[in-house]
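As a plain string of letters, each chain reads:
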Amino acid sequence: MPFENVYMICSRGMSNVGPNIKVFPQWKNIWKIAKITGAVLLGGCLFFTYEVISLSRAVTLNTQAVEQEKHKSYIYLDSIHFKDQDTLGVTYRIRKDLHRAAKRFVETSARILRRPFDRYLITLDADPHEFVLWLLLNKTQAADRATRLQAVQDLAESSQLQDYQYRTVAQACDQRTAVGFARTQGVDLRFFLPPPSLPEGHDNCSTEDQLRELLASLPQSDVDECVKYFTYLALRESSESIAAQRDSRHCDTIVAKRGLQLLQKIYQLRQDSLKIQRTIVRIIGNLAQCDSLHNAIVQSGWISLLAELLKSPHIIQASHAARALANLDRDAVQEKYQDGIYILHPQFRSSQKIKADVLFIHGLLGAAFKTWRQQDLDVVQNGKAAGEKEDYTDCWPKTWLAADCPNLRVLSVEYDTHLSDWRAKCPAENQRKSLAYRSQELLKKLKAAGVGDKPLVWVAHSMGGLLVKKMLLDAAKDPELQTLLNNTRGIIFYSVPHHGSFMAEYSVNVKYILFPSVEVKELIKGSPSLHELNENFLTVAKEKDLKILSFAETLPTNIGTMIKMNIVPVQSADLGYGDLIQVDVDHLNICKPQNKDSFLYKRSLQFIRDALASELSH
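None of the values given here were measured: they were computed from a predicted structure.

Colleague: What exactly am I supposed to notice about the overall build of the chain here?
Modeller: From N to C terminus, the chain includes 30 helices and 9 strands. A buried classification covers 44% of the 618 residues belonging to the chain. A sequence separation of at least 24 residues applies to 73% of the contacts in the chain between residues at least 6 apart. If you sum the accessible surface of the chain, you get close to 33900 Å²; carbon and sulfur atoms cover 55% of it.

Colleague: So what exactly am I meant to see when it comes to helix α10 (residues 207–216) here?
Modeller: If you check which residues of α10 are buried, you get T207, Q210, L211, L214 and L215. Projection of α10 onto a plane perpendicular to its axis shows the buried side chains occupying an angular sector of 140°, all on one side.

Colleague: Can you walk me through helix α15 (residues 274–287) in this structure?
Modeller: In an α-helix there are 3.6 residues to a turn, and that puts residues three or four apart on one side. For α15, spanning 14 residues, the distance from its first C-alpha to its last is 20 Å, which sits close to the expected 20 Å at 1.5 Å a residue. Considered for burial, the residues of α15 that qualify are Q277, T279, I280, V281, I283, I284, G285, N286 and L287.

Colleague: So what exactly am I meant to see when it comes to the environment of S312 here?
Modeller: With respect to the helices and strands, the residue S312 is situated in the loop between α17 (302–310) and α18 (315–328). Filtering out sequence-adjacent residues up to four positions away, S312 remains in contact with Q317 and A318. In terms of polar contacts, S312 uses its side chain to reach the backbone amide nitrogen of H314, at 3.1 Å.

Colleague: Got a minute to help me understand the packing of α15 against α17 in this structure?
Modeller: Two packed helices can be described by the angle between their axes and the distance between those axes. Between α15 and α17, the shortest axis-to-axis distance is 12 Å and the interhelical angle comes to 120°. Taken together, the axes of α15 and α17 lie oblique to each other. The chirality of how α15 crosses α17 is left-handed. Here I280, V281 and I284 of α15 come into contact with α17, specifically with W302, L306 and L309.

Colleague: Help me understand the packing of α10 against helix α14 (residues 259–269), please; the structure alone is not making it clear to me.
Modeller: For the pair α10 and α14, the least separation of the axes is 11 Å and the interaxial angle reads 145°. Crossing geometry of α10 relative to α14 is assigned as left-handed. Two secondary-structure elements touch here, α10 through T207, Q210, L211 and L214 and α14 through G259, L262, K265, I266 and L269.

Colleague: Even after reading the chapter, I still don't get the nonpolar core, so can you show me in this structure?
Modeller: As a rule of thumb, soluble globular proteins bury nonpolar side chains together. Formed by 93 residues in total, the largest nonpolar core has its most connected members in F181, W302 and W458. The dominant element in this core, judged by the number of residues it contributes, is helix α22 (residues 463–477), at 8 residues. Setting aside chain neighbours within four positions, we find F181 in contact with V152, L155, A156, V169, C173, V187, F191 and F192. Counting 34 residues, the second-largest nonpolar core is a separate cluster that includes A368, L408, I581 and I590.

Colleague: How should the pairing of strand β2 (residues 356–361) be read in this particular structure?
Modeller: Along a regular strand, successive side chains alternate from one face of the sheet to the other. In terms of burial, β2 is a largely internal element, 6 of the 6 residues being buried. With 6 bridges connecting them, β2 and strand β3 (residues 408–413) associate as parallel partners. What sits directly across from F360, in β3, is S412.

Colleague: Is there a simple way to think about the pattern of salt bridges in this case?
Modeller: Pairing between side chains of opposite charge can happen when the charged atoms of each approach one another. The full count for this structure, using the stated rule, is 15 salt bridges. For E480, the salt bridge identified is with K447, shortest N-O distance 2.9 Å. With E480 in the loop between α22 and α23 (482–486) and K447 in helix α21 (residues 435–448), the pair connects residues that are 33 residues apart, well separated along the chain. For R603, the salt bridge identified is with D579, shortest N-O distance 3.8 Å. With R603 in helix α29 (residues 599–611) and D579 in strand β9 (residues 579–583), this pair connects stretches of sequence that are 24 residues apart. On the basis of relative accessibility, which here comes to 43%, the residue D579 falls in the partly exposed class.

Colleague: What is the right way to read the side chain of H362 from this model?
Modeller: In this fold, H362 is placed in the loop between β2 and α19 (385–388). In this view, H362 contacts A367, A368, T371, W372, V413, E414, Y415, H461 and G464; residues no more than four positions away in its chain are not counted.

Colleague: I keep staring at the side chain of H345 and nothing clicks. Help me out?
Modeller: Tracing the backbone through its elements, the reader meets H345 in strand β1 (residues 341–345). Looking at H345, its side chain comes within polar contact range of the main-chain oxygen of P406, at 2.8 Å. Ignoring anything within four residues of it in the chain, the contact list for H345 reads A402, C405, P406, L408, R409 and V410.

Colleague: What should I look at first to understand the sheet that holds β1 in this one?
Modeller: Consider a sheet: its strands pair through backbone hydrogen bonds, and that pairing is either parallel or antiparallel. Taken together, the 7 strands give an open sheet; going across it, the order is β1-β3-β2-β4-β5-β6-β9, and neighbouring strands pair in mixed fashion. Looking at which strands have only one partner, the edges of the open sheet turn out to be β1 and β9. Adjacent strand axes in the sheet meet at a mean angle of 20° when their direction is disregarded. One ladder, built from 5 bridges, connects β2 with strand β4 (residues 456–461); its direction is parallel. When the bridges of β4 are listed, I361 appears paired with A460.

Colleague: Can you help me understand the packing of aromatic side chains in this one?
Modeller: Each pair of aromatic rings is reported with the distance of its centres and the angle of its planes. All chains considered together, the criterion is met by 12 aromatic pairs. Ring geometry for F360 versus W396: centroids 5.5 Å apart, planes at 85°, classification edge-to-face. Taken together, the residues span a long stretch of sequence, with F360 in strand β2 and W396 in helix α20 (residues 396–404) at a distance of 36 residues. On the basis of relative accessible area, F360 is assigned to the buried category, the value being 0%. Classification of W396 as buried rests on a relative accessible area of 2%. Here W372 and W396 contribute two aromatic rings whose centre-to-centre distance is 6.4 Å and whose plane-to-plane angle is 80°, an arrangement assigned as edge-to-face. Linking W372 in the loop between β2 and α19 with W396 in helix α20, this pair joins segments that are 24 residues apart in sequence. Judged by relative accessible area, which is 0%, W372 ranks as buried. One aromatic cluster is present, formed by F360, W372, W396, W400, Y494, F551 and Y601 through successive ring pairs.

What counts as what
- Residues numbered from 1 in each chain as written.
- Predicted model: local features only at pLDDT ≥ 70, side-chain atom pairs only at ≥ 80, totals over all residues.
- Heavy atoms only, no water.
- Helix = DSSP H or I, 4+ residues; strand = E, 2+ residues; numbered from the N terminus.
- Buried < 20%, exposed > 50% of the residue type's maximum accessible area, 1.4 Å probe, protein only.
- Contact = heavy atoms within 4.5 Å.
- Areas by Shrake-Rupley, 256 points an atom, 1.4 Å probe, with all protein chains shown as cover.
- Arc of directions from axis to C-beta.
- Expected span 1.5 Å × (residues − 1).
- Polar contact = N/O pair within 3.5 Å; in protein donor to acceptor, adjacent residues only side chain to side chain.
- Axes fitted to C-alpha atoms, helices over the stretch in contact; angles between N-to-C directions.
- Parallel < 35°, antiparallel > 145°, perpendicular 65-115°, else oblique.
- Left-handed = near helix turned anticlockwise from the far one by under 90°.
- Core = buried A, V, L, I, M, F, W, Y, C linked by side-chain atoms within 4.5 Å.
- Pairing = 2+ DSSP bridges.
- Salt bridge = Lys/Arg side-chain N within 4 Å of Asp/Glu carboxyl O.
- Phe/Tyr/Trp six-rings, centres within 6.5 Å; stacked < 30°, edge-to-face > 60°.

Encoded structure:
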């Protein structure tokens, strides 16, 4: 058989033997599984390593900040600048895509609602529980004033914040927001950064010496004579001298010479003296009238101190702080409270609309607060006095009237008065003690405080009533002040000597011993000037149909240990118009109710409500 045939036969035979047999099929499947599994494991390891590297690049921790946090409650942030070309991981890219989608949604909503949106919030990468905090903080800088005020209130009322969140807000908020926090009732003091460290004193130079140097550096040319006089007396009463500075050049010089820091140092060193602290806060309130100085006052750390003082249980201290903060708060307060004008209510920002004003004017030797205190308790005579002392108030208009009429603004005025010229503070002051001069001076201050823009009720004691009558008559002659008279609804007179006082007559009779002051001489019984003032006022009161309530004392007042007299007899307290009520008290206590349930307070409160009935009913 030829070889080719044998080959062909063998070939056919081999091809026909077991045609369904496969050579090592299991090894091929295992190889495919191994390749897939290996690829998955390798890809997973690479992905995990990739994400770890990306996360370590995106997050850094400052371990030193932890140790510093134990000593100071500050936030330490390490900022990282992300670049578009940097690879930050799939998680970041997904979050970024979600932010883009949210941004497009807000942009579309803004166009539909015609409202602006803040691009910062679209890119904000914050946890959900902190997003509201940042949203409110961002709204405090909104262009719309109502939005800003509401955001500050909502943020200040947040009570579930952590300590670091308070510190974050304190560092991030602007000057306007910090002032708003300070004027929000019940605000947490952690919203404020502590005052910066005060500079060290000069070598061999005490704080008092530094204060003298500051006074000596103030301009003396073309300034008020009394300012020169107070500066001359700087060695004896330095802080009072600065409080008397009213020239804008003096304010700028005080700030430029680091006076704010010096005053703060004295404030902290003299925590044992409420009077010194009160005088310093009075100075800050005067400086705050200059808008250009607000930034310097805030940066020097005064906001946290004023916010703390506003919470003081001492009404006088808190009222001085309230005046300073009101002058700083240009976002919510349009008025300015000059020296001697104190706001008793509302001392905080409030959503309640103020419908009218009540203005308190003290008399001879009186003051903005002590004149209007509750009647002094006699612990020896009254066994219940000790218990009643807990409810005693140093200023019943602030404590009682504000609670009974919360939609009224309550103001109190203070001005210097003297019985005698033995201790006149300034030689040039004699000509300024007359009713005519005081009237013009107070009218300017009241106009700056917005008094007259709303319906008004006056409350006056003794000589303060004469001053009220003079101011209303002067306002009637001035076109710019006529609204003050037109908006006056009523007046309460507490023992006002409309026809003169026996005390003034007695002082003049012994003038070579007492040297009676100008204001005392004006109170002489039967004075032609008093008669003219009273007649002119009666004409205006009847023309404007003013409501008048007069209280008259019936008990003599102790003057020293030897003399008792009725300072303002009933006949002199009778205006001859309106209601007259005689009360069995002396001249000092005629304006000091025994308690909130006493006839004196209830009748005064009823008169105020009746005089402002049309305003309070709406």
